[in-house]
Amino acid sequence: MSLTLKLAIGAFFSVLYFLVAWSSLNLATTQVNTSPIWPASGLAMGGILLFGRWLSPAIFIGAFLANYT
């Protein structure tokens, strides 16, 4: 797999993880930083199983941005 394709997939998963995690945090009922539903972890596991461990930094970036905002 070429480097350009890996960067495109990584950017896509980073944005997708951010959107899923951010929308899940909006479902929080008692505290702002906890949510009863966290589908972003399933997205991360599926991405790593499909593409490999090299996708982990992109997922970390998405998670960091979702928790930072």
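Now for a quick tour of the structure.

Cut-offs and rules
Residues numbered from 1 in each chain as written. Predicted model: local features only at pLDDT ≥ 70, side-chain atom pairs only at ≥ 80, totals over all residues. Heavy atoms only, no water. Helix = DSSP H or I, 4+ residues; strand = E, 2+ residues; numbered from the N terminus. Buried < 20%, exposed > 50% of the residue type's maximum accessible area, 1.4 Å probe, protein only. Contact = heavy atoms within 4.5 Å. Areas by Shrake-Rupley, 256 points an atom, 1.4 Å probe, with all protein chains shown as cover. Axes fitted to C-alpha atoms, helices over the stretch in contact; angles between N-to-C directions. Parallel < 35°, antiparallel > 145°, perpendicular 65-115°, else oblique. Left-handed = near helix turned anticlockwise from the far one by under 90°. Nonpolar A, V, L, I, M, F, W, Y, C, P; charged D, E, K, R; others polar.

### Some details on the overall build of the chain
Within the chain, the secondary structure is distributed over 3 helices and 0 strands. Going from the N terminus to the C terminus, the chain shows its helices and strands as α-α-α. Of all 69 residues assigned to the chain, the portion counted as buried reaches 26%. In the chain, of all internal contacts separated by at least 6 residues, the share reaching a separation of at least 24 is 54%. Roughly 4800 Å² of accessible area belongs to the chain as shown, and the carbon and sulfur atoms make up 72% of that amount.

### Points about the packing of helix H1 (residues 3-25) against helix H2 (residues 40-51)
Running from N to C, H1 and H2 cross one another at 165°; their axes reach a closest spacing of 9 Å. The orientation of H1 with respect to H2, classified from their angle, is roughly antiparallel. Between H1 and H2 lies a crossing of right-handed hand. Side by side, H1 and H2 meet where Ile9, Phe13, Leu16, Tyr17, Val20 and Ala21 of the first sit next to Ala40, Ser41, Leu43, Ala44, Gly47 and Phe51 of the second. Its residues placed into classes, the contact of H1 with H2 shows 10 nonpolar, 2 polar and no charged.

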